[in-house]
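Summary of structural features
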Amino acid sequence: MSHPNVSRREFLKRNSLTGLSAILTPSLLTNTPALTSGTTKAPVQSGSFSLAEPPALLGGKPIRTAEWPVWPIWKPEQDEKQLLDVIRGGIWSRASVVSEFEAKWAATLGVKRSLAVVNGTNAIMAALAQLDIRGGDEVLVPPYTFIGTVAPVLATGAMPVFVDVDPETFQIDPARIEAKITPRTKAIIPVHILGLPANMPQILAIAKKHNLVVIEDACQAHLAEISHQKVGTFGHAGCFSFQNSKNLAIGEGGAIVSNDDAFMDRCFSYHNYGNPYGMVSGVIGAGTLIQGTKLRLTEYQAAIGLAQLKRLDAETTTRNTNATYLKAKISSIPGIVPYKLYDSVTRAAFHLFPFRYKKESFKGLSRDVFLKALTAEGIPCSKGYATLNNMPYLNDAFQSKNFQKMYPKGMLNFNSYVERNQCPQNDRLCNEEAVWFTQNMLLGSQSDMDDIARAIEKIYTYADKLLSQK
Ligand SMILES: *Cc1c(COP(=O)(O)O)cnc(C)c1O
């Protein structure tokens, strides 16, 4: 992909990362891979903290005691007017504020239509149902995701088939997709996991070749972009979540987006009992057209969403700036391997900031103790997901009457299912290497990012002293 900043990037590549923050421009900051490729790992200088100060986990003074930015953000002066109007007005069920939110969400993404629903899980459920994914079908999914990607696949009666991930990007690995396609395969759900875009150009090409439906799970990837196009707008449908932790937080909420009017009309019907498109609450007896359910968002939820939407773009820029800065800083620490973005990514959402922890470089210090030590330094962190491709919920579905009627017995044998769906790259991320910071930490200052880097350096320096910890 051509890019106006190429010469600047080349300059950065050829020069050291010293003083990086001073010369980075915001447009550059959104394009991370070039910044760190080609840099070599040098041993860490521990000049930024006292060597006499032991790790906080061993009783030393923590690097940081200050609070991290709170989430969700609520600013009464600017956020409460429309919400109070809704509450006092007494129209609480779906009406004009939900429609306003849908219109603004579609416009923000540059997509024709958006439908607000109760949550991201049911956005995926509705999209699968209206793209006619049913019992007997197979749906390709990555194992490195939240259960909300996979639960709706089982709910339609379809069989999830797991495609292993590329550990460098944490995303579904396009090179492993075709080997998993069978005559039953009808759809693929690429997940832009952690808010980092999946490789949509390659995934779309494979889907086209094999005539697969593409439903993007963009539940963590609000405003992320590939070649300046928002994720969620590449497939037949895109699905978003507005759950409390997500980058656009309503508490609960979700959306389906698409450029396909007929599909979106059906989704609307489905989310309102199967009643005709556009029918509103309070109208009864119009004649129900399709098999539906009820997934409507409330007016007060939409009012909260509209308040959050006003800040989303600026917050996304801050997360990109801080993530790029932090990535450059910690990439030089041996054993710390931050996420990689695909070359065509022009912006990420950074719902989470991930890196891989290589304990060999930390004298064999386990990831669990590393996480404890980092938390003790005042840096909250997590090991992230557990492996989704071998949990009991799968067998529970396979033992259900519907699955028993829909699939040959051999396909429902849990042990052989788990065997067929092994994902060793994902196992390594989940069980050994992945470390996350949450998106709210990326809303802080550059010196907050320095704290994170210094805490990791400190643990690196003291790894041998921490080995005794459990
Ligand atoms: C949050 C999330 C979902 C589900 O969204 P809910 O609103 O919680 O139902 C699905 N997929 C991914 C990747 C998510 O992060």
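Residues numbered from 1 in each chain as written. Predicted model: local features only at pLDDT ≥ 70, side-chain atom pairs only at ≥ 80, totals over all residues. Heavy atoms only, no water.

**Notes on the overall build of the protein**
Here is the rule: Secondary structure is summarised from DSSP: a helix means a run of H or I of at least four residues, a strand means a run of E of at least two, and numbering begins at the N terminus for each. For every residue, the accessible area (1.4 Å probe, protein chains only) is compared with the maximum for its type, and the residue is labelled buried under 20%, exposed over 50%, or partly exposed between those bounds. Whether two residues are in contact is decided by their heavy atoms: any pair within 4.5 Å suffices. All accessibility values rest on the Shrake-Rupley procedure with a 1.4 Å probe; residue burial counts only the protein chains present in the view.
Scanning the protein for helices and strands turns up 18 helices and 15 strands. The buried share of the protein, reckoned over its 470 residues, is 57%. Long-range pairs, those at least 24 residues apart, make up 71% of the contacts in the protein with a sequence separation of at least 6. Approximately 19300 Å² of the protein is accessible, and the part contributed by carbon and sulfur atoms is 54%.

**Re the environment of Ala328**
By secondary structure assignment, the location of Ala328 is in helix H11 (residues 299-330). You can call Ala328 buried: its relative accessible area is 7%. Sequence-wise, Ala328 and Ala453 are 125 residues apart; in three dimensions their C-alpha atoms are separated by 9.9 Å.

**Some details on the site of the ligand**
Stated formally: Residues are labelled near a given molecule or strand when at least one of their non-hydrogen atoms is within 4 Å of it. Under the rule applied, a polar contact is a pair of N or O atoms within 3.5 Å (in protein, one hydrogen donor and one hydrogen acceptor; residues adjacent in sequence only if both atoms are side-chain atoms).
Taken together, the neighbourhood of the ligand is formed by 16 residues, with Thr121, Asp217, Gln220, Ser241 and Lys246 sitting nearest. The contact in question runs from an oxygen atom of the ligand to an N or O atom on the backbone of Gly120, over 2.8 Å. At 2.5 Å, a side-chain N or O of Thr121 approaches an oxygen atom of the ligand. Here the ligand loses 94% of its free accessible area of 380 Å² to cover by the protein chains. Of all the elements in the fold, those that place two or more residues in the shell around the ligand are helix H7 (120-130) and helix H8 (147-155).

**Points about the nonpolar core**
In globular proteins that are soluble, nonpolar side chains generally tend to be buried together. The cut-off we apply is this: Throughout, nonpolar core names a set of buried Ala, Val, Leu, Ile, Met, Phe, Trp, Tyr and Cys residues whose side chains join them through atoms within 4.5 Å. Where each domain starts and ends comes from a domain assignment, either automatic or drawn from a database.
If you look at the biggest cluster of nonpolar residues, it comprises 95 residues, and the most contacted ones within it are Tyr144, Phe370, Phe437 and Ile456. Counting the residues that make up this core, at least three belong to each of domain 1 (8-74 + 311-385 + 429-466) and domain 2 (79-305). Excluding anything up to four places from it in sequence, Phe370 contacts Ile336, Phe355, Tyr357, Phe362, Leu365, Val435, Ile456 and Ile459. One finds Ile206, Ala207, Ile226 and Phe240 within the second-largest nonpolar core, a separate group that totals 45 residues.

**Digging into the pattern of salt bridges**
Counted only if it meets this: For this analysis, a salt bridge means a side-chain nitrogen from Lys or Arg found within 4 Å of a carboxyl oxygen belonging to Asp or Glu.
Applying the stated criterion to the full structure yields 22 salt bridges. When the shortest N-O distance is used, the salt bridge between Arg347 and Asp313 registers 2.9 Å. Of the two residues, Arg347 is situated in strand E13 (residues 345-347) and Asp313 in helix H11; the sequence distance between them amounts to 34 residues. Taking relative accessible area as the criterion, Arg347 reaches 9% and is therefore assigned buried. Each member of the salt-bridge network shares a partner with another, and the members are Arg64, Asp448, Asp451 and Arg454.

**Overview of the side chain of Lys230**
On the secondary structure map, Lys230 appears in strand E9 (residues 229-230). Engagement of the side chain of Lys230 in a polar contact is seen with the side chain of Glu225, the distance being 3.2 Å. Setting aside chain neighbours within four positions, we find Lys230 in contact with Thr108, Leu109, Leu223, Ala224 and Glu225.

**Describing unusual backbone geometry**
Cis geometry marks the peptide bond from Trp71 to Pro72, where omega comes out at -5°. With respect to the helices and strands, the residue Pro72 is situated in the loop between helix H4 (33-36) and helix H5 (76-89). The backbone phi angle of Asn211 is positive, close to 55°, even though this residue is not glycine. Its place among the elements puts Asn211 in the loop between helix H9 (200-209) and strand E7 (213-217).

**Observations regarding the state of the cysteines**
What counts is decided by this rule: Throughout, disulfides are identified as pairs of cysteine sulfur atoms within 2.5 Å of each other.
For the structure shown, the criterion picks out zero disulfides. Lacking any disulfide linkage, Cys239 is separated from the closest cysteine sulfur, that of Cys219, by 6.4 Å. Among the cysteines around Cys423, which has no disulfide bond, Cys430 carries the closest sulfur, lying 9.5 Å off.

**Things to note about the sheet that holds strand E8 (residues 225-226)**
Counted only if it meets this: Criterion used throughout: strands pair if DSSP finds at least two bridges between them.
Read across the sheet, three strands follow the order E9-E8-E13 without closing on themselves; strand pairing throughout is antiparallel. What marks the edges here is a single partner per strand, and that holds for E9 and E13.

**Describing the packing of H7 against H8**
Rules: Convention adopted: a line fitted to C-alpha atoms gives each axis, helices being fitted over their contacting stretch, and angles between N-to-C directions are expressed from 0 to 180 degrees. By definition in this entry, angles of less than 35 degrees are roughly parallel, angles greater than 145 are roughly antiparallel, angles of 65 to 115 are roughly perpendicular, and the rest are oblique. A clockwise turn of the near helix away from the far one marks a right-handed crossing, whereas an anticlockwise turn of less than a right angle marks a left-handed crossing.
In the contact formed by H7 and H8, the axes pass within 8 Å of each other and the chain directions differ by 40°. The angle between H7 and H8 falls in the class oblique. Relative to H8, H7 is oriented so that their crossing is right-handed. Packed against H7, whose contacting residues are Thr121, Ile124, Met125 and Leu128, the element H8 presents Gly148, Thr149, Pro152, Val153 and Ala155 at the interface.

**Side note on the packing of aromatic side chains**
Rule in force here: Aromatic contacts are taken between Phe, Tyr and Trp rings whose centres are within 6.5 Å, Trp giving its six-membered ring; a plane angle under 30 degrees counts as stacked, one over 60 as edge-to-face, and the others as tilted. Lysine and arginine charges are scored as sitting over a ring when NZ or CZ, respectively, is within 6 Å of the ring centre and within 35 degrees of the ring normal.
The final tally for this structure, using the stated rule, is 21 aromatic pairs. When the ring of Trp92 is compared with that of Tyr300, the centres are 6.3 Å apart and the planes differ by 85°; the resulting orientation is edge-to-face. Residue Trp92 is located in the loop between H5 and helix H6 (96-109), and its partner Tyr300 is located in helix H11; the two are separated by 208 residues in the primary sequence. Judged by relative accessible area, Trp92 falls into the partly exposed class, the value being 44%. Ring centres of Phe362 and Tyr460 lie 5.3 Å apart, and the angle between their planes is 80°; on these two criteria the pair is classed as edge-to-face. With a gap of 98 residues between them, Phe362 in the loop between strand E14 (352-357) and helix H12 (367-376) and Tyr460 in helix H17 (residues 446-461) connect regions that are remote in the sequence. Classification of Phe362 as buried rests on a relative accessible area of 0%. The class of Tyr460 is partly exposed, set by a relative accessible area of 21%. In textbook terms, an aromatic cluster arises when at least three aromatic residues are bridged by ring pairs, as seen for Tyr339, Phe350, Phe353, Phe355, Tyr357, Phe362, Phe370, Phe437 and Tyr460. The positively charged end of Arg64 is found above the aromatic ring belonging to Trp68, 3.7 Å away from the centroid.

**A short note on the confidence of the model for the protein**
Rules: Note: pLDDT gives the predictor's confidence per residue, expressed from 0 to 100.
On average, the protein scores 91 in pLDDT, and the residues at 70 or more come to 88%. Of the regions scoring below 50 in pLDDT, residues 1-47 engages in 67 contacts with residues more than four places distant in sequence or in other chains.

**A look at the side chain of His271**
Looking at the element boundaries, His271 is found in helix H10 (residues 261-271). Among all residues touching His271, those that are not within four sequence positions of it are Arg94, Leu115, Ala116, Val117, Thr293, Lys294, Leu295 and Arg296.

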